[in-house]
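Residues per chain are reported as follows:
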Amino acid sequence: MAPLGVTLLAAALLVAGNQSAQAADTLLSQGRPALASSLENGESPAIAAFDGRADTRWGSQWADPQWLRVDLGATATVSRVVLDWEAAYAKAFQIQTSPDGNAWTTIYSTTTGAGGKQNLSVTGSGRYVRMYGTQRGTGYGYSLLEFQVYGTSSSTPPPTGGSGYVYANPPVTGVVPSTAVPPTQNPPVTHREFQANCSVSRTNLNDDPIVFPGLPGASHSHTFMGNRTTNANSTLASLQAGGTSCITPGDKTGYWMPTLLNGDQAVQPDGPQVIYYKSGVIDYRSVRPFPPGLRYVVGSPSATQDEFRYSPGAVEGFECGNSAFNWDIPANCPAGTQLNARYQAPSCWDGLHLDTPDHKSHMAYPIVGVCPASHPVAVPMIEFKMAWPVSGNMSAVRFSSGRGYSFHYDVYNVWDTRTLAALVTHCINGGLQCNPRGFDQYKPERGAALNENYELP
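All values reported here derive from a predicted model rather than from experimental measurement.

Colleague: Would you explain the overall build of the protein chain in this entry?
Modeller: When helices and strands are counted, the protein chain shows four helices and 29 strands. For 457 residues, the compact-globule estimate of 2.2 N^0.38 gives 23 Å, and the protein chain sits close to it at 24 Å. By principal-axis analysis of the C-alpha atoms, the protein chain measures approximately 75 × 55 × 50 Å. Looking at the protein chain alone, contacts between residues at least 24 apart form 73% of all its contacts between residues at least 6 apart.

Colleague: Quick question: what am I supposed to make of the pattern of salt bridges here?
Modeller: Pairing between side chains of opposite charge can happen when the charged atoms of each approach one another. As enumerated under the stated definition, the model contains 13 salt bridges in all. A salt bridge links Asp25 to Arg80; its shortest N-O distance comes to 2.7 Å. Separated by 55 residues along the polypeptide, Asp25 in the loop between helix H1 (4–21) and strand E1 (26–27) and Arg80 in strand E4 (residues 66–85) bring together distant segments of the chain. Pair check on accessibility: Asp25 and Arg80 agree, each one buried. In this structure, Arg403 and Asp328 form a salt bridge, with 2.5 Å as the shortest nitrogen-oxygen distance.

Colleague: Which parts of the structure should I look at to understand the packing of aromatic side chains?
Modeller: By convention here, two paired aromatic rings are described through the distance between centres and the angle between planes. Throughout the structure, instances matching the rule amount to 23 aromatic pairs. With a centroid separation of 6.3 Å and an interplanar angle of 70°, the aromatic rings of Phe308 and Trp327 are classed as edge-to-face. One end of the pair, Phe308, is in helix H3 (residues 305–309); the other, Trp327, is in the loop between strand E19 (323–326) and strand E20 (332–333), with 19 residues separating them in the sequence. Neither Phe308 nor Trp327 differs from the other in exposure class; each is buried. Three or more aromatic residues link up through ring pairs in this structure, and these residues are Tyr255, Phe308, Phe318, Trp327, Tyr343, Phe384, Trp388, Phe399, Phe407 and Tyr409. Arg130 extends its terminal NZ or CZ atom over the ring of Trp104, reaching a point 4.3 Å from the ring centre.

Colleague: Which parts of the structure should I look at to understand the environment of Gly137?
Modeller: Structurally, the position occupied by Gly137 is in the loop between strand E7 (117–136) and strand E8 (143–153). When residues no more than four places from it in sequence are discounted, the contact partners of Gly137 are Tyr89, Ala90 and Lys91.

Colleague: What is the right way to look at the state of the cysteines in this model?
Modeller: Put plainly, a disulfide is one covalent bond tying together the sulfur atoms of two cysteines. Using the criterion set out here, one finds four disulfides in the structure. Residue pairing for Cys320: its cysteine sulfur links by disulfide to Cys333, the two sulfurs lying 2.1 Å apart. Here the S-S torsion is close to -85°, and the disulfide linking Cys320 with Cys333 is therefore left-handed. Of this pair, Cys320 sits in strand E18 (residues 314–320) while Cys333 sits in strand E20, placing them 13 residues apart in sequence. The pair Cys320 / Cys333 is uniform in exposure class, with both members buried.

Colleague: Help me understand the environment of Asp306 in this model?
Modeller: The topology assignment puts Asp306 in helix H3. The spatial distance from the C-alpha of Asp306 to the C-alpha of Ser37 is 8.5 Å, given a sequence separation of 269 residues.

Colleague: Even after reading the chapter, I still don't get the sheet that holds strand E15 (residues 265–267), so can you show me in this structure?
Modeller: Sheet strands associate in pairs through backbone hydrogen bonding, adopting either a parallel or an antiparallel arrangement. Read from one edge of the open sheet, three strands run E15-E14-E28, paired in antiparallel fashion. What marks the edges here is a single partner per strand, and that holds for E15 and strand E28 (397–399). Recorded for the sheet is a direction-independent mean angle of 35° between the axes of neighbouring strands.

Colleague: Looking at this structure, how should I read the nonpolar core?
Modeller: Here is a general trend for soluble globular proteins: nonpolar side chains tend to be buried in one another's company. The biggest cluster of nonpolar side chains holds 60 residues, and the ones touching the most others in it are Phe194, Tyr255, Ile275, Ile382, Phe384, Trp388 and Tyr409. Take this core: its biggest share by element is five residues, from helix H4 (residues 417–428). Setting aside residues up to four positions removed in sequence, Trp388 forms contacts with Met257, Leu260, Val267, Gln268, Pro269, Gln338, Leu339, Ala341, Phe399 and Phe407. Judged by nonpolar contacts, the second largest core, of 26 residues, contains Ile95, Ile107, Val129 and Val149.

Colleague: What is the right way to read the side chain of Thr356 from this model?
Modeller: Structurally, Thr356 is set in the loop between strand E23 (353–355) and strand E24 (363–364). Using a relative accessible area of 3% as the deciding quantity, one classes Thr356 as buried. Side-chain polar atoms of Thr356 contact the backbone nitrogen of Ser361, separated by 3.4 Å.

Colleague: What am I meant to see in unusual backbone geometry here?
Modeller: Apart from glycine, the bulk of residues carry a negative phi angle, and the bulk of peptide bonds sit in the trans form. That bond from Asp64 to Pro65 is cis: its omega, -10°, falls within 30 degrees of zero. Within the secondary structure layout, Pro65 lies in the loop between strand E3 (58–59) and E4. Backbone geometry at Val368 places phi at a positive 50°, although glycine is not the residue there. Inspection of the secondary structure puts Val368 in the loop between E24 and strand E25 (377–378). A positive phi angle, close to 60°, is found at Tyr454, a residue other than glycine. If you trace the backbone, Tyr454 turns up in the segment after H4.

Colleague: Explain the pairing of strand E5 (residues 90–98) here, please?
Modeller: Remark: a regular strand shows side chains that alternate across the two faces of the sheet. Counting buried residues along E5, seven of its nine residues qualify, which places the element largely inside the surrounding structure. Here E5 pairs with E7 via eight bridges, running antiparallel. What sits directly across from Ile95, in E7, is Met131. Relative to strand E6 (residues 105–110), E5 runs antiparallel, the two being bridged by five bridges. Along E6, the bridge assignment pairs Gln96 with Thr106. Joining the antiparallel neighbours E5 and E6 is a turn of six residues, in which Gly101 adopts a positive phi near 80°.

Colleague: What should I look at first to understand the confidence of the model for the protein chain in this one?
Modeller: The predicted coordinates of low-pLDDT regions are not to be read in fine detail. Per-chain confidence: the protein chain averages 92 in pLDDT, with 93% of residues scoring 70 or above. Every residue in residues 1–23 is under pLDDT 50, and counting partners more than four places away or in other chains gives two contacts.

Colleague: What should I look at first to understand the sheet that holds E25 in this one?
Modeller: Judged by pairing direction, the sheet is antiparallel, and its three strands sit side by side in the order E24-E22-E25 without closing on themselves. Since the sheet does not close on itself, it has two edges, and those belong to E24 and E25, each with one partner. Here strand E22 (residues 348–349) runs beside E24; their pairing, made up of two bridges, is antiparallel. Note that in E24 the partner of Cys348 across the bridge is Ala364.

Thresholds applied
Along every chain, residues carry numbers that run from 1 in the direction the sequence is written. For this predicted model, a pLDDT threshold of at least 70 governs which residues receive local features, and a threshold of 80 or more governs which side-chain atom pairs are given and counted, while totals over whole chains, interfaces and linings are taken from all residues. Side-chain figures throughout are based on the complete set of non-hydrogen atoms in the structure, without hydrogens or water. Runs of H or I in DSSP of at least four residues are treated as helices and runs of E of at least two as strands, each being numbered from the N terminus. Atoms counted for the radius of gyration: C-alpha only. Globule rule: 2.2 Å times the number of residues to the power 0.38. Contacts were defined at the residue level, with two residues in contact if any of their heavy atoms lie within 4.5 Å. Whenever a carboxyl oxygen of Asp or Glu lies within 4 Å of a side-chain nitrogen of Lys or Arg, that contact is scored as a salt bridge. Think of it in three bands: residues with accessible area under 20% of the maximum for their type are buried, residues over 50% are exposed, and the middle band is partly exposed, with areas taken using a 1.4 Å probe on protein chains only. Two rings from Phe, Tyr or Trp (for Trp, the six-membered ring) form a pair when their centres sit within 6.5 Å of each other. Planes less than 30 degrees apart are called stacked, planes more than 60 degrees apart edge-to-face, and all others tilted. In this analysis the charged atom, NZ for Lys or CZ for Arg, is taken to sit over a ring once it is within 6 Å of the ring centre and within 35 degrees of the ring normal. By convention in this document, the label disulfide applies to cysteine sulfur atom pairs within 2.5 Å. Following DSSP output, two strands are said to pair if at least two bridges run between them. To get an axis, fit a line to the C-alpha atoms, keeping to the stretch in contact for a helix; angles then go from 0 to 180 degrees between the N-to-C directions. In these notes, a set of buried Ala, Val, Leu, Ile, Met, Phe, Trp, Tyr and Cys residues joined through side-chain atoms within 4.5 Å is what counts as a nonpolar core. Whenever two N or O atoms come within 3.5 Å, that pair is a polar contact, provided that in protein one can donate a hydrogen and the other can accept it, and provided that, for residues adjacent in sequence, both atoms are side-chain atoms. The score called pLDDT rates the predictor's confidence residue by residue, from a low of 0 to a high of 100.

This is the structure:
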């Protein structure tokens, strides 16, 4: 047996040789946004094929064709693609690139795929890369543990500081995402949440203090809830000094979304709306309260229908009457019903920034119930459940930002720190299904976090 030092030296020389031969062979796809033609179930999202974890996967419906694509963020020269298949693999598939996600060029094709781990040398360029499967190798769907794209990108590394970055003080560091599974309890834990009930506080205001700070009138029209003073010039200090339309006095958070329009008439949600604070991770005990001033945007006004539909945060899309899971506003809703929308926010924080230039990069969605290492801090997962009093012919109903799938919302955290901590600890960490008082009617013996005035006792 060779001495350990000699073995390590030989391995180092081999690695150096490979790096020299593939100096430009850089992994470009890990952690990038992903989209798929279908999902097998909630435990097999598209992003799971790009997370660097062997215990997660993307799985499709059991039909042909199917595709899985990744957005590299900028035009890249692609030199290698690695596909790590689960037992359900593609017998016939293509690797394709695209500059815009619409027009595709095939850079690899086979009709004799055998599954396993495939290391494919390719030559091509594009911002988007996808696996397009036309024949399954089994009776199941397509299932990829990992889909890795290597090459060189025209983009420069993203900055970590400068204009648009707001730093947490103090930052939260040294956190390792929890992979623990809480022990079974009797009675069982089925929910880990509390509600914030907030009414409309300001209407039809073309301000957005997150995206267009200091620029009154620069945005499309918004409907505001929670803080009663939110405007283009809002800061954490000004919002802390404001009032609130939320039933809990300690919640002065600014929540806003594009205004719903029926023709040219604005339609406002009627009465308190439900804003859930939930655990987005399996280990609900690891969820921490938001830091004061944390702000972010959920969704995008420029989203396509597929991007809205397959977003990790899209729960049920739009519904009215018995019609549900619509990815655009329905053409008709039964008279007297309401248009409802549900949409989840990311719940993993990088621990460093209260905001970033794109108002998203400091937040991420969990991947199969675990925060990614890049965003290790589990925070409450907000879920908007909005209801607008509009029904009948919906052909003229739209948002100020565009079609139904342009729906998005903004959150600017201004909770009283002690009140938020009490609700997170009692309801989310405690595995309860709480109302705004922090009371679970199914487990009344556990008590409430707040008193009858929704304040700390």
